[in-house]
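Coordinate analysis (summary)
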Amino acid sequence: MAYRAVNTLDAMVGYRSARYLRFGWAAARMDDVANWIPARVTAALTAACAPLVTGTGPVSVLNVVRRDGGRHPSPNAGRCEAAFAAALGVCLGGTNVYGGVTETRPDLGDGRAPEPEDIRRAVLLSRAVTVSATALAVLIALLTGG
């Protein structure tokens, strides 16, 4: 419940505005701390699942995560996005528009631009990572008696 509260608080006020400057900053940092380990576990699971779904080697995925993961504005999202970019053989990033504001993000990965067929592969990879994360959580619960 505490994690969900932190995540919701960040979504509601975790952005910079005159109204929420101090409180929003704290909410965003708490969310960053809460997601530090899960983001890195997700990147590792993506590397582990990549050979099964896309044929990409886990070492090459982890190398891209190490190189590009910290280039993203989010201390956590960059790791996951870099892992998926490497696993799918695409380059993510570039110019995006969020709420009418244009942002240019650094490129993550070395591959080609994404194509519509990559959506299907990304969904399969996401499902594999989800199953792996669930299995890992169950294993940890069984080993710790939780």
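The shown structure was predicted, so the numbers you read here are calculated from the model rather than taken from an experiment.

**A look at the pairing of strand S2 (residues 101–108)**
Of the pairings in the sheet, the one linking strand S1 (residues 92–98) to S2 comprises six bridges and is antiparallel in character. For Asn96, the partnering residue across the bridge sits in S2 and is Glu103. In sequence, S1 turns back onto S2 through a hairpin of two residues, with Gly99 there showing a positive phi of about 55 degrees.

**Observations concerning the packing of helix H5 (residues 77–88) against helix H6 (residues 117–144)**
Describing two packed helices takes the angle between their axes plus the distance from one axis to the other. In contact at an axis separation of 11 Å, H5 and H6 are set at 120 degrees when each is read in the N-to-C sense. Taken together, the axes of H5 and H6 lie oblique to each other. Every pair of crossing elements has a handedness; the one defined by H5 and H6 is right-handed. Contact with H5, carried on its side by Phe84, Ala87 and Leu88, involves Arg121, Ala122, Leu125, Ser126 and Val129 of H6 and no other residues of that element.

**Re the pattern of salt bridges**
Tallying each qualifying case throughout the model produces eight salt bridges. A salt bridge links Asp110 to Arg67; its shortest N-O distance comes to 2.7 Å. Linking Asp110 in the loop between S2 and H6 with Arg67 in helix H4 (residues 58–68), this pair joins segments that are 43 residues apart in sequence. We classify Asp110 as exposed; its relative accessible area is 59%. The closest approach of N and O atoms between Arg120 and Glu117, which form a salt bridge, is 2.6 Å. With Arg120 and Glu117 both in helix H6, this residue pair falls three residues apart, about one helical turn. Classification of Arg120 by relative accessible area gives partly exposed; the value is 46%.

Parameters at a glance
Residues numbered from 1 in each chain as written. Predicted model: local features only at pLDDT ≥ 70, side-chain atom pairs only at ≥ 80, totals over all residues. Heavy atoms only, no water. Pairing = 2+ DSSP bridges. Helix = DSSP H or I, 4+ residues; strand = E, 2+ residues; numbered from the N terminus. Axes fitted to C-alpha atoms, helices over the stretch in contact; angles between N-to-C directions. Parallel < 35°, antiparallel > 145°, perpendicular 65-115°, else oblique. Left-handed = near helix turned anticlockwise from the far one by under 90°. Contact = heavy atoms within 4.5 Å. Salt bridge = Lys/Arg side-chain N within 4 Å of Asp/Glu carboxyl O. Buried < 20%, exposed > 50% of the residue type's maximum accessible area, 1.4 Å probe, protein only.

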